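# Structural characterization, general
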Amino acid sequence: MMFDSLNPIWLFLGGLVLRYGGDLLKTIAQFGRQRLVCQITIAETNPIYSAICWELERTGKVYDFSELIYTSTPLVPPAIESPTLKTKLEPRSGWIGIGYQGAYIGIHRHDFKVTELQNTQLITLATLRWWQPQMLEWLTNIEANYNLEAPLIVRLIGGTISIVRTQTKRRRETLAIDTVTETTLFKDLDRFLQSRDLYRQRGIPWRRGYLLYGPPGTGKSSLIQAIASHYDRQLVSLSLTDMDDSALLRAWSEITANSIVALEDIDSVFAGRKPLGDLSFSALLNTLDGAGAVEGSITILTTNHRAQLDPALIRPGRCDREFKLDYLSAESCAKMFGCFFPDADLAAVVSEQLGSYRVSPAAWHNYLQCQDSAQEAVANCNFADLQLD
């Protein structure tokens, strides 16, 4: 009887509210977040992640922390003081809040699943849109106080394992390679990266491959790190000895156009075309220049024994340019000496002593690292002891 007097239209509308009211509220809330809230998400691979954690601890926000994390490396050192402890406090999972210049900034630490076997930590900063300038100013001040420089991001992939880590960028001037080789290589890379439209006009896949070869310890890995650092690209290092065909395909699917892909010691994976592990030769060839090859990527193969490589692996289209990295020359010897001890006269003296000795840059680097002064380095230098047998 009570419902007899109700208009059927109202009953119909009431049913709609009961059925779709929850979804409507969610839509309104989502619309409000999009219109009223601005967010910035920062991964733990970004150096400002550690800087934010240290800043919150340094400024007395310790009560907002609940997790004590041990780390084997020091935190990002701020310009105003250097932390001495090897422990750090991270924001607890969930939201905490800080005030800055009259604005309220929410900070949320949470996990992000990268792969089945790997999680990474993210920090999300959120505030209302009219407080966005204050939030950006807060981040800018942290960046200035902590002398931050974007690190080199390295992804190591082998079998089913994928690890992301960061390391200090490698500067070109620290490379112990001849100027002609360095200049030619980086000039070729510059030309490639600036010619995307030209590749498309000619119908050519926009990718580039290089082969670095030479004796052990001549700086092939260091050069790859310097290339990735110079062009601010992620370095992806694939351990082919731990892969089969399907694992390589999965790993290649993680590669982006902004990647330097390193396939090091390729001679340890195949003897000619004969696999030394579970990876087939045809799978590698198809990955390098088949339909799954990534546009814009740069692939670098390294080997100590170029003669052992099958010509199909290093032909143009897979390895477009080859560069030999050799033992120390007088030029590279003096150049590395100058990186440790900025004394041009002594650098010239010690480079004259090199003569015809076959000394690897790795051996010379290790020697210089153990010397306390330029004078001591020159006095103790005996290239015969550093020469490879």
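Just so it is clear, the structure is predicted and the values come from calculations on it, not from any experiment. (Residues numbered from 1 in each chain as written. Predicted model: local features only at pLDDT ≥ 70, side-chain atom pairs only at ≥ 80, totals over all residues. Heavy atoms only, no water.)

### Details of the pattern of salt bridges
- Going through the model one piece at a time under the given rule, you end up with 12 salt bridges.
- Where Glu 173 meets Arg 171, a salt bridge forms, and the shortest distance between an N and an O atom there is 2.9 Å.
- The exposure class of Glu 173 is partly exposed, given its relative accessible area of 44%.
- For Asp 310, the salt bridge is made with Arg 273, and the minimal N-O distance between the two is 3.0 Å. Of this pair, Asp 310 sits in the loop between strand E14 (298-303) and strand E15 (321-324) while Arg 273 sits in the loop between strand E12 (270-271) and strand E13 (274-275), and the two are 37 residues apart along the sequence. (Salt bridge = Lys/Arg side-chain N within 4 Å of Asp/Glu carboxyl O. Buried < 20%, exposed > 50% of the residue type's maximum accessible area, 1.4 Å probe, protein only. Helix = DSSP H or I, 4+ residues; strand = E, 2+ residues; numbered from the N terminus.)

### Here's the deal with helix H4 (residues 179-193)
- For H4, built from 15 residues, the straight-helix expectation of 21 Å at 1.5 Å per residue is met to within 8% by its first-to-last C-alpha distance of 21 Å.
- Next to the buried residues of H4 lie helix H5 (196-201), strand E9 (208-213), helix H6 (220-230), E14, E15 and helix H9 (330-340). (Expected span 1.5 Å × (residues − 1). Contact = heavy atoms within 4.5 Å.)

### Quick look at the environment of Asn 380
- As for its position among the elements, Asn 380 is in helix H12 (residues 374-380).
- For Asn 380, a relative accessible area of 44% gives the class partly exposed.
- Taking the C-alpha atoms as reference, Asn 380 lies 9.7 Å from Tyr 367; in sequence the two are 13 residues apart.
- Residues contacting Asn 380, with those up to four places away along its chain left out, are Tyr 367 and Gln 371.
- For Asn 380, the side chain forms a polar contact with the side chain of Gln 371, separated by 3.3 Å. (Polar contact = N/O pair within 3.5 Å; in protein donor to acceptor, adjacent residues only side chain to side chain.)

### Things to note about the pairing of E9
- Judged by how many residues are buried, E9 sits mostly within the fold: five of six residues are covered.
- The pairing of E9 with E14 spans six bridges and is classified as parallel. Counted as the bridge partner of Gly 209 is Thr 299 from E14.
- Bridge count between E9 and E15: four bridges; the pairing is parallel. Bridging from a neighbouring strand, Leu 212 pairs with Phe 323 of E15. (Pairing = 2+ DSSP bridges.)

### Details of the packing of H9 against helix H11 (residues 361-369)
- Following both chains from N to C, one finds H9 and H11 inclined at 30 degrees, their axes separated by 10 Å at the closest point. In this view, H9 runs roughly parallel relative to H11, as classed from their interaxial angle. Relative to H11, H9 is oriented so that their crossing is right-handed. Residues Cys 333, Met 336, Phe 337 and Phe 340 of H9 lie in contact with H11, whose contacting residues are Pro 361, Trp 364, His 365, Leu 368 and Gln 369.
- Looking at the contact of H9 with H11, its residues break down into seven nonpolar, two polar and no charged. (Axes fitted to C-alpha atoms, helices over the stretch in contact; angles between N-to-C directions. Parallel < 35°, antiparallel > 145°, perpendicular 65-115°, else oblique. Left-handed = near helix turned anticlockwise from the far one by under 90°. Nonpolar A, V, L, I, M, F, W, Y, C, P; charged D, E, K, R; others polar.)

### Side note on the side chain of Arg 318
- Looking at the secondary structure, you find Arg 318 in the loop between E14 and E15.
- If sequence neighbours within four positions are ignored, Arg 318 has contacts with Gly 209, Tyr 210, Leu 285, Leu 288, Asp 289, Ala 312 and Leu 313.

### Some details on the nonpolar core
- Membership of the largest hydrophobic core comes to 29 residues, with the highest contact counts inside it found for Leu 238, Leu 240, Leu 263, Leu 284 and Leu 313.
- Looking at this core, the elements that each hand over two or more residues are strand E10 (234-238), helix H7 (245-253), strand E11 (259-263) and helix H8 (281-289).
- At five residues, the largest contribution of residues to this core is made by H8.
- Those residues in contact with Leu 238 that sit more than four places away from it in its chain are Ile 157, Met 243, Leu 248, Ala 251, Trp 252, Val 261, Ala 262 and Leu 263.
- One finds Leu 152, Ala 226, Leu 235 and Leu 325 within the second-largest nonpolar core, a separate group that totals 25 residues. (Core = buried A, V, L, I, M, F, W, Y, C linked by side-chain atoms within 4.5 Å.)

### What about the packing of H4 against H6?
- Interhelical geometry of H4 versus H6 gives an angle of 40 degrees and a closest axis separation of 12 Å. When the axes of H4 and H6 are compared, the pair comes out oblique. With respect to the hand of their crossing, H4 and H6 are arranged in right-handed fashion. Note on element contacts: H6 touches H4 through Leu 223, Ile 227 and His 230, opposite Leu 185, Phe 186 and Leu 189.
- Within the contact of H4 with H6, the residues separate by chemical class into five nonpolar, one polar and no charged.

### Topic: unusual backbone geometry
- One non-glycine residue with positive phi stands out, namely Gln 101, at about 50 degrees.
- Tracing the backbone through its elements, the reader meets Gln 101 in the loop between strand E4 (94-100) and strand E5 (103-115).
- The exposed category is assigned to Gln 101, whose relative accessible area is 57%.

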